[in-house]
Structure formats: structure tokens, C-alpha cells
Amino acid sequence: IDQRIIKRACDIVLSLIGIVIASPFMLIIALAVKLYDGGPVFYKQERLTRDEKPFMIYKFRSMSMDSEKNGARLAAKGDMSMVGPRPERQVIADQYAEEIPEFVLRTKVKAGLTGYAQVYGKYNTTPYDKLKFDITYIENYSLWLDVKIMLLTFKILFQKENTEGVDEAQQTALKD
């Protein structure tokens, strides 16, 4: 059986289990977001996945409603996988590709909720280093690697240094 079919089946099963377990928490989060400022609960954004195909990602809104009034920034539906390269916004991916033409190679597989770069890098890892991590993942892909990355994801959720954002003057992780 093709590994992509097994990976997709795992994505669906794990997503369904996750929704059932997380639904009470999601309801509380939705209520808290709505009560905080009366704005929309969800935030919708276009991202890229396999073959540079755009898709809409829906997240609980954690930013103020006008946080991107000056343009897209790296944050201070079935087009994703559980594990894969982080989905970038088109405008940010284009900026990275100007400096690193090979950056597009990350879209040879579906984007993921977590990935090799998230586990072994940081949120503010440079685009070039993200590319190296993502190519390592793509070239060494196995279901076991996906399981390992998912387990390591839980570990990094509790390490503040891995979630460090970009400097206030930066809009992307590109270094000036």
C-alpha cells in the first residue's frame, strides 16, 4: 500500500479522535475569545500545501483583529497532514523563494500541523534552515518518522525557547 494512503488514513483517524477529545476545550476557548472582545472566534488564512496548492486554514483567533493591517506577518480543511512542512502564506513563501529559490521544494508533500522543522528547529528558524529540516523529512519519510515527530511535538510544547517569535521589526524569519 502506498505510504500516502496510510498517512491520510492516520490523519483522518487521529483528527477524529482529537476533535472528540478536544471539543469541550474548544468550546471553552471559543467562548473565551468571543467574550474577550466580541470579535470573530475563528481566524481564516490562506496557506500553501503540496504542489503549492493554496488552502484555507482555520484557527482560533489569538491576535487582535487588526494585527495584520500593515501586511502579512509570521504570527508573533483536508489539505493538511498531521506531520509535514509548516504551511506558509503565499506572500511569505514568495519572499523566501526570492532569497532561496529551492524553498518551493517544501511543497513536494502536504503541509502539516507539526513537522521536522518544528521539532528540531524553532518558530523563528531561518527559512534556509527550515528548508534543510523539511528536505531531511521529505528524503527520510516513513510512518515511524511521523510517529516520532508527533511524540516529540508534545515535548516542545513545554519548551519556551522553541516558540520564540521574530523580532518586532521583522515580518518574516528572513534575517536582514
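The rules behind each value
Residues numbered from 1 in each chain as written. Predicted model: local features only at pLDDT ≥ 70, side-chain atom pairs only at ≥ 80, totals over all residues. Heavy atoms only, no water. Helix = DSSP H or I, 4+ residues; strand = E, 2+ residues; numbered from the N terminus. Buried < 20%, exposed > 50% of the residue type's maximum accessible area, 1.4 Å probe, protein only. Areas by Shrake-Rupley, 256 points an atom, 1.4 Å probe, with all protein chains shown as cover. Expected span 1.5 Å × (residues − 1). Contact = heavy atoms within 4.5 Å. Core = buried A, V, L, I, M, F, W, Y, C linked by side-chain atoms within 4.5 Å. Salt bridge = Lys/Arg side-chain N within 4 Å of Asp/Glu carboxyl O. Axes fitted to C-alpha atoms, helices over the stretch in contact; angles between N-to-C directions. Parallel < 35°, antiparallel > 145°, perpendicular 65-115°, else oblique. Nonpolar A, V, L, I, M, F, W, Y, C, P; charged D, E, K, R; others polar. Pairing = 2+ DSSP bridges. Patch = residues over 30% accessible without salt bridge, like charges linked within 9 Å, V, L, I, M, F, W, Y side chains within 5 Å.

**Considering the overall build of the protein chain**
- When helices and strands are counted, the protein chain shows 5 helices and 4 strands.
- The 176 residues of the protein chain split such that 35% are buried.
- A total of about 11100 Å² of accessible surface is found on the protein chain, and carbon and sulfur atoms cover 62% of it.

**Regarding helix α5 (residues 143-156)**
- With 14 residues, α5 should reach 20 Å at 1.5 Å per residue; the first-to-last C-alpha distance of 20 Å fits that figure.
- Elements in contact with the buried residues of α5: α1 (3-37), β3 (80-83), β4 (111-114), α3 (116-120) and α4 (127-139).

**Topic: the nonpolar core**
- Grouped together as the largest cluster of nonpolar side chains are 7 residues: M82, V83, Y116, V119, Y137, L145 and I149.
- Those elements that provide at least two residues to this core are β3, α3 and α5.
- Excluding residues within four positions of it along the chain, Y137 makes contact with K7, V83, G84, Y116, L145, D146 and I149.
- Among the nonpolar cores identified, the runner-up in size contains 5 residues, and I92, Y96, F103 and L131 belong to it.

**Concerning the pattern of salt bridges**
- Within the structure shown, the criterion is met by 5 salt bridges.
- Of the charged contacts in the structure, one is a salt bridge between K130 and E88, with a shortest N-O distance of 3.3 Å. Note that K130 is positioned in helix α4 and E88 in the loop between β3 and α2 (90-99), a separation of 42 residues in sequence. Like E88, K130 is buried.

**With respect to the packing of α1 against α5**
- At a minimum axis distance of 11 Å, the contact between α1 and α5 shows a crossing angle of 30 degrees. Between α1 and α5, the angle falls in the class roughly parallel. Contact residues: α1 offers Q3, I6, K7 and L14, while α5 offers L143, D146 and M150.
- For the contact of α1 with α5, the residue count by class is 4 nonpolar, 1 polar and 2 charged.

**Comments concerning the pairing of strand β1 (residues 42-48)**
- Inspection of the sheet shows β1 paired to strand β2 (residues 54-60) by 7 bridges, in the antiparallel sense. Residue pairing across strands places R47 opposite F55, the latter belonging to β2.
- What sits between β1 and β2 in their antiparallel hairpin is a turn of 5 residues, with D51 showing a positive phi close to 60 degrees.

**Considering a nonpolar patch on the surface**
- Nonpolar side chains collect at one region of the surface, where V13, L14, I17 and I21 lie side by side and expose about 350 Å² of accessible area between them.
- With respect to the helices, strands and loops of the structure, I21 is situated in helix α1.
- I21 gets classed as exposed once you look at its relative accessible area, which sits at 56%.

In short, the description is geometric, and any link to function would need to be established separately.
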